[in-house]
Amino acid sequence: MGGKPKHEALSDWIRDRILAGAFPIGSRLPSENELAKRFQLSRQTVRQAIGTLVRENLLERRQGSGTYVSRAALDNRPVTLNIGVITTYLDSYIFPGVIRGIDKVLSHSGYHMQLGITYNKTRNENQVLSSLLESGVDGLIVEPTKSALPNPNQKLYREIAASRIPLLFLNGYYAGMDFPYVAMNDYESGKMATRYLLRRGHRKIFGIFKSDDVQGHFRYSGYVNQMRDADTAFEDSWVMWYVTEDLDTLFAPKDDDRLLSRIGDSTGVVCYNDEIACKLLEVLARHQIKVPEQISIVSFDNSDLAGLGHPGLTSIDYPAGEIGAEAARRLLALIRHQEKGSYAFLPKIVERGSVRDLNR
């Protein structure tokens, strides 16, 4: 453990992890035996190192229970000027715009980003979060992974909350976790997309939604409730759900007949996002089904994909740069103890050529 006396080196190691949040406020320190075994030290050396940190008010001993990180450690956490930013993906779709928006605000305030990518896998989320906490950050912006499902990393998030490291969720949130978020109002987005089709005479409207992210649930809820508000018939069979791992196979040519039979005689489709809509366009093209003449499509995100094809996709806008910037501003407010709470962007629709007006 370096050239220092062994007890000082161990004190430094524990202190650094407390101040970085790796040993959260209120958490129990590994036992003297565990530390002695890990670093091949005597228990006397470990006891001496812990005693130093007790005198610094970073640790407190509890009779018969062990040694715990003291709340006084909150006042000793160093400023790193590093912000951990975790997204599900990085260099495609809406994510470059989000990252640019975050970076513009953070860099203007003298902060640096440390990026982590989960690829929408909870194991990756655990590893990235743990790594950022180990390196030391002043706050975290996290896009949840599979946000509609029970999260196996709840213990880690509880430790972050106990350490009072400011954290803000992006695009969604986990149920039961008391962290603010910045996202689209996905419920109203789902209503708007569906209403757009209804007002153009469509009555049988199919929906394709993502089941493992909370955005898919909100968009579905808006879709269903708008159908009911319009006194339009609705059947559960008009909805197809998918999870992240299905994406490569859901629109494979061998499954075209199954997908098209599900869509049946629907005149319109609400797609979870532009990526799904583009994949659906490929299926329809393989079977010479014309958009919008034979079927209309509305999607979400207004990404670059929406304007690439012919026809272009009518899509609910996702102002990526503004969302990233707002997330960064609100996290900085948390760091400065000026909490602003959560914020949801109201939707607007960008019209292109993928919808036919049946009223004409």
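Every value quoted in this text rests on a predicted model; they were computed, and no experiment measured them.

Thresholds, definitions, all that
In this numbering scheme, every chain counts its residues from 1 along its sequence in written order. Selection of residues for local features in this predicted model requires a pLDDT of at least 70, selection of side-chain atom pairs for listing and counting requires 80 or more, and totals for whole chains, interfaces and linings are taken over all residues. Hydrogens and water are ignored here; the side-chain numbers use all heavy atoms of the structure. Helix and strand definitions here come from DSSP, where helices need a minimum of 4 consecutive H or I residues and strands a minimum of 2 consecutive E residues; each element is numbered from the N-terminal end. Three exposure classes are used, based on accessible area relative to the maximum for each residue type with a 1.4 Å probe and protein chains only: buried under 20%, partly exposed in between, and exposed over 50%. In this description, contact between two residues means that some pair of their heavy atoms is separated by no more than 4.5 Å. Residue exposure ignores everything except the shown protein chains as possible cover, and the areas themselves are Shrake-Rupley values with a 1.4 Å probe. His is not counted, nor are the chain ends; Lys and Arg add positive charge and Asp and Glu add negative charge. Lysine's charge is taken at NZ, arginine's at CZ, aspartate's at CG and glutamate's at CD. UniProt positions are given in the numbering used here, feature names are shortened, and annotations may be inferred rather than shown by experiment. Any two strands between which DSSP finds at least two bridges are classified as paired. Note on handedness: a crossover is taken as right-handed if, strands pointing away from the viewer, the path from the first strand over the helix to the second is clockwise. In the sections that follow, a salt bridge refers to a side-chain nitrogen of Lys or Arg positioned within 4 Å of a carboxyl oxygen of Asp or Glu. Fitting a line to C-alpha atoms yields each axis, with helices limited to the stretch in contact; the angle taken between N-to-C directions then spans 0 to 180 degrees. Under this scheme an angle from 65 to 115 degrees is roughly perpendicular, one under 35 degrees roughly parallel, and one over 145 degrees roughly antiparallel; angles in between are oblique. When the near helix sits turned anticlockwise from the far one by under a right angle, the crossing is termed left-handed; a clockwise turn instead gives a right-handed crossing. Only rings of Phe, Tyr and Trp enter the pairing, Trp through its six-membered ring, and a pair is recorded when the two centres are within 6.5 Å. The plane angle decides the type: under 30 degrees is stacked, over 60 is edge-to-face, the rest tilted.

Draft legend 1. Seen up close, the overall build of the protein chain. A tally of helices and strands in the protein chain yields 12 helices and 14 strands. Along the three orthogonal principal directions, the C-alpha set of the protein chain runs to about 85 × 40 × 35 Å. Here the protein chain, with 360 residues, has 54% of them falling under the buried criterion. Sequence separation of at least 24 residues holds for 72% of the intrachain contacts in the protein chain that already meet a minimum separation of 6. About 17000 Å² of surface is accessible on the protein chain, with carbon and sulfur atoms providing 47% of the total. A distance of 5 Å separates the average location of the 45 positive side-chain charges in the protein chain from that of its 43 negative side-chain charges.

Draft legend 2. The arrangement of the UniProt feature "domain: HTH gntR-type" (unreviewed entry) in the protein chain in detail. As annotated in UniProt, the feature "domain: HTH gntR-type" (unreviewed entry) corresponds to residues 4-72 in the numbering used here. Strand forms 12% of residues 4-72 and helix 52%; the C-alpha atoms that close the span are 26 Å apart.

Draft legend 3. Spotlight on the pairing of strand β6 (residues 167-170). Residues Leu 167 and Phe 169 point to one face of β6 and Leu 168 and Leu 170 to the other, with burial holding for every one of them. One ladder, built from 3 bridges, connects strand β5 (residues 139-142) with β6; its direction is parallel. Its bridge partner lying in β6, Val 142 is registered against Phe 169. Handedness of the β5-helix α6 (residues 154-163)-β6 crossover: right-handed. Pairing geometry for β6 and strand β7 (residues 181-184), over 2 bridges, is parallel. By the bridge assignment, Leu 170 is partnered in β7 with Val 182.

Draft legend 4. Here's a closer look at the pattern of salt bridges. Counted according to the given criterion, the structure contains 21 salt bridges. Put simply, Asp 212 and Lys 210 hold a salt bridge, and the shortest N to O gap is 3.0 Å. Per residue, the accessibility class of Asp 212 equals that of Lys 210, and both read buried. Here the salt bridges do not stand alone but share partners, grouping Lys 146, Lys 210, Asp 212, Asp 213 and Glu 245 into one network.

Draft legend 5. Spotlight on the sheet that holds strand β10 (residues 268-271). The 6 strands are arranged β9-β8-β10-β11-β12-β14 in an open sheet whose pairing can be described as mixed. At either end of the open sheet lies a strand with only one pairing partner, and these are β9 (239-242) and β14 (349-350). Of the pairings in the sheet, the one linking strand β8 (residues 205-210) to β10 comprises 4 bridges and is parallel in character. Paired with Ile 205 across the bridge in β10 is Gly 268. Helix α7 (residues 186-198) rests against β8, β10, β11 (296-301), β12 (314-317) and β14 of the sheet, and its axis sits at about 160 degrees to β11. Set on the sheet, helix α11 (residues 274-286) makes contact with β8, β9, β10, β11 and β12; between it and β11 the angle comes to about 155 degrees.

Draft legend 6. Expanded view of the sheet that holds strand β4 (residues 112-117). Read from one edge to the other, the open sheet built from 6 strands follows the order β4-β3-β5-β6-β7-β13, with strand pairing classed as parallel. Both outer strands of the open sheet, β4 and β13 (343-345), are each paired with one neighbouring strand and no more. Pairwise comparison of adjacent strand axes, ignoring direction, gives a mean angle of 15 degrees for this sheet. Pairing of β7 with β13 involves 3 bridges; the strand directions are parallel. If you follow Val 182 over to β13, its bridge partner there is Tyr 343.

Draft legend 7. Here's a closer look at the pairing of β8. The element β8 is largely enclosed, with a buried count of 6 among its 6 residues. On β8, burial covers both faces: Ile 205, Gly 207 and Phe 209 on one face and Phe 206, Ile 208 and Lys 210 on the other are all buried. Of the pairings in the sheet, the one linking β8 to β9 comprises 4 bridges and is parallel in character. Note that in β9 the partner of Gly 207 across the bridge is Val 239. Tracing the backbone out of β8, into helix α8 (residues 214-229) and back to the parallel element β9 gives a crossover that is right-handed.

Draft legend 8. Structural view of the packing of helix α5 (residues 122-135) against α6. At a minimum axis separation of 10 Å, α5 and α6 run at an interaxial angle of 25 degrees. Put simply, α5 runs roughly parallel to α6. In the packing of α5 onto α6, the handedness of the crossing is left-handed. Only Leu 156, Tyr 157 and Ile 160 of α6 make contact with α5, whose side of the interface consists of Glu 125, Asn 126, Leu 129, Ser 130 and Leu 133.

Draft legend 9. Structural view of the packing of aromatic side chains. Overall, the coordinates contain 20 aromatic pairs when judged by the stated rule. Judged by centre distance (5.8 Å) and plane angle (75 degrees), the rings of Phe 209 and Tyr 220 are edge-to-face. Residue Phe 209 is found in strand β8, and its partner Tyr 220 is found in helix α8; the two are separated by 11 residues along the sequence. Assessed through its relative accessible area of 0%, Phe 209 is described here as buried. Members of the aromatic cluster, each reached through a chain of ring pairs, are Phe 209, Tyr 220, Tyr 223, Phe 234, Trp 238 and Trp 241.

Draft legend 10. Quick look at the environment of Ala 306. Residue position: Ala 306 is located in the loop between β11 and β12. Looking at Ala 306, the relative accessible area reads 1%, which means it is buried. Distance from Ala 306 to Ser 70, taken between C-alpha atoms, is 52 Å for residues 236 residues apart in sequence. For Ala 306, the contacting residues outside a window of four places in its chain are Asp 274, Gly 312, Leu 313, Ser 315 and Arg 352.

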